[in-house]
Amino acid sequence: MCLAIPGKVIEIYEENGLTMGKIDYSGSQSTACLAYVPEAKTGQYVVVHAGFAISIMDEEEAQKVFEAWDEVTDAAREQGYNVTNEPLAEKNKRRS
Amino acid sequence: MKYLDEFRDPNIVKKIVKDIKDTVTQPWVIMEICGGQTHSIIKNGIHQMLPEEITLVHGPGCPVCVTPLEMIDQAIAIAKTDGVIFTSFGDMLRVPGSHSDLLKAKSEGADVRMVYSPLEALKLAREHPDREVVFFAVGFETTAPGNAMAVYQAEKEGLTNFSELVSHVLVPPAMKALLDDPQNRVQAYLAAGHVCAVMGWEEYEPIVQTYNVPIVPTGFEPMDLMEGIRLAVGQLENGRADLENQYSRVVKRQGNTEAKKIINEVYQVCDRKWRGIGTIPLSGWRLNDEYQMYDAAKKFNVGSIETMESDVCISGIILQGLKKPPECPAFGKECTPEHPLGATMVSSEGACAAYYKYHR
Ligand code: SF4
């Protein structure tokens, strides 16, 4: 019951005195109440549970986890291990 | 899907597993609190990838599972009342009460409707001023922001035909109750990420200190869970006990302050009975004194309903992490998701149903 999923805010509007948002989950769309994330802007990702956004996705933090493990891979590569992942530097180039 | 798929990367999960294997030197027991995490662990085989030193036990974090039988019976009694539209999250509809369930009540003529958000229940109340609309407000801290908002809005709009049957449960008191049990085996907790998204982790810090137990707020994807386990094992191996946040992309120390404001406006802490466990002091929310007119149990006078549990079901012991579902003699025999004897078989987040689905 506590599953919440990230979706992208694509529109913000008012309904019955509450801030609401149209949320895109990779193609399928629905609405969610944004009253608890008043700073949310269109284009940002929010985490939605039972029709309410309960948190704004911190994209920098999301990135950090990967970078930490990519660095582990990079280090292994430098030590001569055969690792298949794309090096972190290449990934960053692609991201920016 | 963005922010989901990346966190399922099997290559990184493998790397984390290797790191855990390199770190671990002795047996440890770690409990994931949340039923959503239990489901993800069993589904993705996380428990099978771990070194054998590490035992995961599945906690009581499935609201559907721990909602006491008499609440289900009260819900059914209200749903059968003339003029009532009874609304609920889908997963409560099949939970067996003493004699029936909400879906059966519906097939017998009760107006039971599944809603995805409590605001849909409120909408029904607006659209049907001649009917009483009741919402079954169950769940942990994660569902409370929405459930509280529905009452708050009803009050603001002057909607008098809306009420809630409230059976909210709180995670930290249950974590404490488990640690206080003399049979306790749990040495570290993965805290429920979305509960912490709402509440933050300040209330977990005293538990870390008092019981000297690592607590790691953790997300739901395979990479999150493995990383949460890695952090917990790292602490245990180093003799540390800290609050360490794995789910930093969603969980902040103070939680969601806007949500906490509305929750505290509408609900107040109370003792709560947990199915299979018993009453845990100060482990639930009920409507605040100023919002009593939104209490469906009072409005429909069902508060005195008493109940009986199946005596073969050991779900209480399973919910405390003392036994695994296949150790129940009824598992997969008399008790299946089609004919559940206990609530841990009903919800896909219940430990028995998760084992039944992925492990037979
Ligand atoms: S298998 Fe069924 S009877 Fe046994 S503990 Fe689980 S829910 Fe209860």
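This text follows the structure it describes.
Conventions used here
- Residues numbered from 1 in each chain as written.
- Chains lettered and ligands numbered in written order.
- Predicted model: local features only at pLDDT ≥ 70, side-chain atom pairs only at ≥ 80, totals over all residues.
- Heavy atoms only, no water.
- Helix = DSSP H or I, 4+ residues; strand = E, 2+ residues; numbered from the N terminus.
- Rg over C-alpha atoms; globule rule 2.2 N^0.38 Å.
- Contact = heavy atoms within 4.5 Å.
- Areas by Shrake-Rupley, 256 points an atom, 1.4 Å probe, with all protein chains shown as cover.
- Lys, Arg positive; Asp, Glu negative; His and termini not counted.
- Charge placed at Lys NZ, Arg CZ, Asp CG, Glu CD.
- Near = heavy atom within 4 Å.
- Nonpolar A, V, L, I, M, F, W, Y, C, P; charged D, E, K, R; others polar.
- Buried area = accessible area lost by both parts, 1.4 Å probe.
- Salt bridge = Lys/Arg side-chain N within 4 Å of Asp/Glu carboxyl O.
- Polar contact = N/O pair within 3.5 Å; in protein donor to acceptor, adjacent residues only side chain to side chain.
- Buried < 20%, exposed > 50% of the residue type's maximum accessible area, 1.4 Å probe, protein only.
- Pairing = 2+ DSSP bridges.
- Right-handed = clockwise from strand over helix to strand, strands pointing away.
- Axes fitted to C-alpha atoms, helices over the stretch in contact; angles between N-to-C directions.
- Phe/Tyr/Trp six-rings, centres within 6.5 Å; stacked < 30°, edge-to-face > 60°.
- Lys NZ or Arg CZ within 6 Å of the ring centre and 35° of its normal.
- Core = buried A, V, L, I, M, F, W, Y, C linked by side-chain atoms within 4.5 Å.
- Domains from an automatic or database assignment.

1. Re the overall build of chain B
Moving on, step 1. Assigned secondary structure in chain B consists of 16 helices and ten strands.
Moving on, step 2. Since a compact globule built from 360 residues should have a radius of gyration of about 21 Å, the 20 Å found for chain B is in line with a globular shape.
Moving on, step 3. Judged by the C-alpha coordinates and their principal axes, chain B covers about 65 × 45 × 40 Å.
Moving on, step 4. Taking as baseline every contact in chain B between residues at least 6 positions apart, the subset at least 24 positions apart corresponds to 77%.
Moving on, step 5. When the accessible area of chain B is evaluated, it comes to approximately 13,800 Å², of which 49% is carbon and sulfur surface.
Moving on, step 6. Between the centroid of the 36 positive side chains of chain B and the centroid of its 47 negative side chains there is a distance of 4 Å.

2. Points about the site of the ligand
Moving on, step 1. In the region of the ligand, 13 residues are neighbours, and B:Cys313, B:Cys328, B:Cys335, B:Thr344 and B:Cys352 sit closest.
Moving on, step 2. Along the lines of polarity and charge, the residues of the shell around the ligand split into ten nonpolar, three polar and no charged.

3. Structural notes on the interface of chain A and chain B
Moving on, step 1. Taken together, the contacts link 37 residues of chain A with 49 residues of chain B.
Moving on, step 2. Of the roughly 3,800 Å² buried where chain A meets chain B, counting both sides, 67% is carbon and sulfur surface.
Moving on, step 3. Summed over the shared surface of chain A and chain B, the result is one salt bridge.
Moving on, step 4. Across the pair B:Lys252 and A:Asp58 runs a salt bridge whose closest N-O atoms are separated by 2.9 Å.
Moving on, step 5. Where chain A meets chain B, there are ten residue pairs in polar contact (both at pLDDT 80 or more).
Moving on, step 6. Elements that contribute at least two residues to the side of chain A that touches chain B include exactly strand 1 (5-15), strand 2 (18-25), strand 4 (45-49), strand 5 (52-56) and helix 1 (59-78) of chain A.
Moving on, step 7. In terms of residues, the side of chain A that touches chain B owes the most to one element, helix 1 of chain A, which gives eight residues.
Moving on, step 8. Tallied by class, the residues present in the side of chain A that touches chain B amount to 27 nonpolar, seven polar and three charged.

4. Thoughts on the side chain of B:Ser167
Moving on, step 1. Within the fold, B:Ser167 resides in strand 6 (residues 162-169).
Moving on, step 2. Excluding its chain neighbours within four sequence positions, the residues that come into contact with B:Ser167 are B:Thr67, B:Pro68, B:Met71, B:Ala137, B:Val138, B:Gly139 and B:Arg272.

5. Description of the pairing of strand 6 of chain B
All names here are of chain B.
Moving on, step 1. In terms of burial, strand 6 is a largely internal element, eight of the eight residues being buried.
Moving on, step 2. Sheet analysis places strand 5 (residues 132-139) next to strand 6, joined by seven bridges and oriented parallel. Note that in strand 6 the partner of Val 138 across the bridge is Ser 167.
Moving on, step 3. Handedness of the β-α-β unit built from strand 5, helix 8 (residues 144-157) and strand 6 comes out right-handed.
Moving on, step 4. Pairing geometry for strand 6 and strand 10 (residues 278-287), over two bridges, is antiparallel. Across the sheet, Val 169 pairs through a bridge with Gly 284, a residue of strand 10.

6. Focus: the sheet that holds strand 5 of chain B
Residues and elements named next belong to chain B.
Moving on, step 1. Pairing in this open sheet of six strands is mixed, and the strands run 4-3-5-6-10-9 from one edge to the other. Edge positions in the open sheet fall to strand 4 (111-114) and strand 9 (267-274), since each of these has one partner strand only. Adjacent strand axes in the sheet meet at a mean angle of 25°, parallel and antiparallel pairs treated alike.
Moving on, step 2. As paired strands, strand 3 (residues 84-88) and strand 4 are joined by four bridges and run parallel to one another. If you follow Phe 86 over to strand 4, its bridge partner there is Val 112.
Moving on, step 3. Seen against the sheet, helix 5 (residues 69-79) touches strand 3, strand 4, strand 5, strand 6 and strand 9 and runs at an angle of roughly 170° to strand 6.

7. Considering the pattern of salt bridges
All names here are of chain B.
Moving on, step 1. The tally for this structure, following the rule as stated, stands at 21 salt bridges over all chains.
Moving on, step 2. Across the salt bridge formed by Lys 80 and Glu 108, the nearest N and O atoms sit 3.8 Å from each other. Pair noted here: Lys 80 is in the loop between helix 5 and strand 3 and Glu 108 is in the loop between helix 6 (102-107) and strand 4, with a separation of 28 residues, a long-range link.
Moving on, step 3. Judged by relative accessible area, which is 52%, Glu 108 ranks as exposed.
Moving on, step 4. Close ionic contact of Glu 227 with Arg 230 constitutes a salt bridge, the shortest N to O distance being 3.1 Å. Linking Glu 227 with Arg 230, this pair stays in helix 12 (residues 222-237), spanning three residues, or about one helical turn.
Moving on, step 5. Here the residues in one salt-bridge network are Asp 5, Arg 8 and Glu 221, joined through shared partners.

8. Considering the packing of aromatic side chains
Moving on, step 1. Summed over all chains, the structure comprises nine aromatic pairs over all chains.
Moving on, step 2. A cation over an aromatic ring shows up here: B:Arg249 above the ring of B:Phe7, its NZ or CZ 3.4 Å from the ring centre.

9. Points about the nonpolar core
One broad trend across soluble globular proteins is that nonpolar side chains are buried collectively.
Moving on, step 1. Among the nonpolar cores identified, the biggest contains 150 residues, and B:Ile30, B:Phe86, B:Phe162, B:Tyr189, B:Tyr204 and B:Ile229 are the most heavily contacted of them.
Moving on, step 2. The biggest single contributor to this core is helix 12 of chain B, with eight residues.
Moving on, step 3. Counting the residues that make up this core, at least three belong to each of domain 1 (5-59) and domain 2 (62-95) of chain A.
Moving on, step 4. When sequence neighbours within four positions are dropped, the list of residues in contact with B:Ile229 reads B:Ile20, B:Ile30, B:Ile46, B:Leu50, B:Ile54, B:Leu56 and B:Leu190.
Moving on, step 5. If you look at the next biggest cluster of nonpolar residues, it comprises eleven residues, including A:Ala32, A:Leu34, A:Val37 and A:Ala53.

10. Some remarks on the sheet that holds strand 2 (residues 54-61) of chain B
All names here are of chain B.
Moving on, step 1. The parallel open sheet is built from four strands, whose spatial order is 2-1-7-8. Whereas interior strands pair on both sides, the edge strands pair on one side only; in this sheet they are strand 2 and strand 8 (215-218). The mean angle between the axes of side-by-side strands here comes to 25°, regardless of whether they run parallel or antiparallel.
Moving on, step 2. Across four bridges, the pairing between strand 7 (residues 188-192) and strand 8 is parallel. By the bridge assignment, Ala 191 is partnered in strand 8 with Pro 217.
Moving on, step 3. Across the sheet, helix 2 (residues 35-44) is in contact with strand 1 (28-34), strand 2, strand 7 and strand 8; its angle to strand 1 comes to roughly 120°.
Moving on, step 4. Its contacts with the sheet place helix 12 against strand 1, strand 2, strand 7 and strand 8, and it is angled at close to 170° to strand 8.

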